[in-house]
Amino acid sequence: MVSGPEVSAWRPPVAGVVEVFHAHFTEHAYPMHVHDAWTLLIVDDGAVRYDLDRHEHGTPHDTVSLLPPHVPHNGSPATPRGFRKRVLYLDMTQLGAGYIGAAVDRPDLVDPVLRSRVGRLHTSLASRGDELEAESRLALISERLRGHLAPGAAARRREDDGRSVADRLRELLDARLVQGVTLQEAAAEVHAHPAHLVRAFSAAFGITPHQYLTSRRVDRARGLLLEGQQPGEVAVATGFYDQSHLTRHFKRVVGIAPGRYARNGPASSGRKARATVS
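A.B. asks: Could you clarify how one ought to interpret the overall build of the chain in this entry?
C.D. replies: Along the backbone of the chain there are 12 helices and 10 strands. Expressed as a percentage of its 278 residues, the buried residues of the chain come to 47%. Counting contacts in the chain only where the partners sit at least 6 residues apart, residues at least 24 apart contribute 72% of the total. Entry remark: accessible area of the chain is about 13800 Å², with carbon and sulfur atoms responsible for 51%.

Shown next as structure tokens:
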């Protein structure tokens, strides 16, 4: 018995991403069609066969397919079990119209690093509250795509000094710890390209901007929990989207849920409890 299609689609609150689309098809074949956005496609199981500009292409392992806007293409299963795919539709702020010709000539990019980054971006986009992480990952992906389509262009671009850019971004993250900041806002404040901003910060401090912001928030949450505040209140006070968002990152950093952390000892021994889990 052939299983029916499985489809999940949503628009995340991340600038540059028009739509996220996950699907498992066993029989469905797309007719020729076009999109207004760039189609960034990875296949997790099976394979897709498609025609773009009257030339046949496929999606073997480690391939990332980038289909340009306004160019007709189709798609059908290339294996008996169909295919499971994840797609990002990106607007023209990520890749301008000048890259369309290069993408038509070579839409399938064999790049394991890019493939891994796209997969991790999908994971970030599935969780509310992780928008800065998603924006950072998207900036590096877009930069790498431009490198494939126009080799050497990124290297020729003149950037600010990496260390000063990193320092200014850290100051901005510290100042906006609770309310947060988007990558585009940070880039405008610091006067640097978003991808360069992420790279400079990571090189200077050994941690990505979103990891830094999250760890600062978790550290502040620890103090508030030990003062007796409830996890739901702490989540709001430290800039997390909700209590589940706090719990997910708190457990990742500290190794225990925030509710259990606060119950590890009496309030009078809060300093000791904090020291034992650092």
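Once you've had a look at it, read on.
A.B. asks: Whenever I open this one, unusual backbone geometry confuses me. Can you help?
C.D. replies: Excluding glycine, residues mostly carry a negative phi; peptide bonds, for their part, are mostly trans. Residue His-70 is not a glycine yet carries a positive backbone phi of 70°. Within the fold, His-70 resides in the loop between strand 7 (63–67) and strand 8 (73–77). For His-191, which is not glycine, the phi torsion reads 65° and is therefore positive. Position of His-191 relative to the elements: it lies in the loop between helix 6 (183–190) and helix 7 (194–205). Classification of His-191 as exposed rests on a relative accessible area of 62%.

A.B. asks: Can you help me understand the packing of aromatic side chains in this one?
C.D. replies: For any pair of aromatic rings, the description rests on two quantities: the centre-to-centre distance and the angle between the ring planes. Scanning the entire structure with this criterion turns up three aromatic pairs. Where Phe-201 meets Tyr-212, the ring centres are 5.6 Å apart and the plane angle is 70°; that geometry is what we call edge-to-face. Taken together, the residues Phe-201 in helix 7 and Tyr-212 in helix 8 (residues 209–226) connect sequence positions 11 residues apart. This pair shows no difference in class: Phe-201 is buried, exactly as Tyr-212 is.

A.B. asks: Sorry if this is basic, but what is going on with the pairing of strand 9 (residues 83–90) here?
C.D. replies: Among the eight residues in strand 9, seven count as buried, and that is most of the element. One ladder, built from eight bridges, connects strand 2 (residues 17–25) with strand 9; its direction is antiparallel. Counterpart to Val-20 in the pairing with strand 9 is Leu-88.

Rules of the game
- Note on numbering: residues in each chain are counted from 1, in written sequence order.
- Local features are withheld for residues below a pLDDT of 70 in this predicted model, meaning they are given only at 70 or higher, and side-chain atom pairs are given and counted only at 80 or more; totals for whole chains, interfaces and linings count all residues.
- Note: side-chain values were computed over all heavy atoms of the structure, leaving out hydrogens and water.
- Labels follow the DSSP assignment, with helices taken as runs of H or I lasting at least four residues and strands as runs of E lasting at least two, numbered in each case from the N terminus.
- The buried label goes to any residue with under 20% of its type's maximum accessible area, the exposed label to any with over 50%, and the partly exposed label to all in between, with areas taken from a 1.4 Å probe on protein chains only.
- Whether two residues are in contact is decided by their heavy atoms, any of which lying within 4.5 Å being enough.
- What sets the accessible areas is the Shrake-Rupley method with a 1.4 Å probe; for residues, cover comes only from the shown protein chains.
- The aromatic pairing rule takes the rings of Phe, Tyr and Trp, using the six-membered ring of Trp, and pairs them if the centres are within 6.5 Å, calling planes under 30 degrees apart stacked, those over 60 edge-to-face and the rest tilted.
- At least two bridges found by DSSP between two strands are what make those strands a pair.

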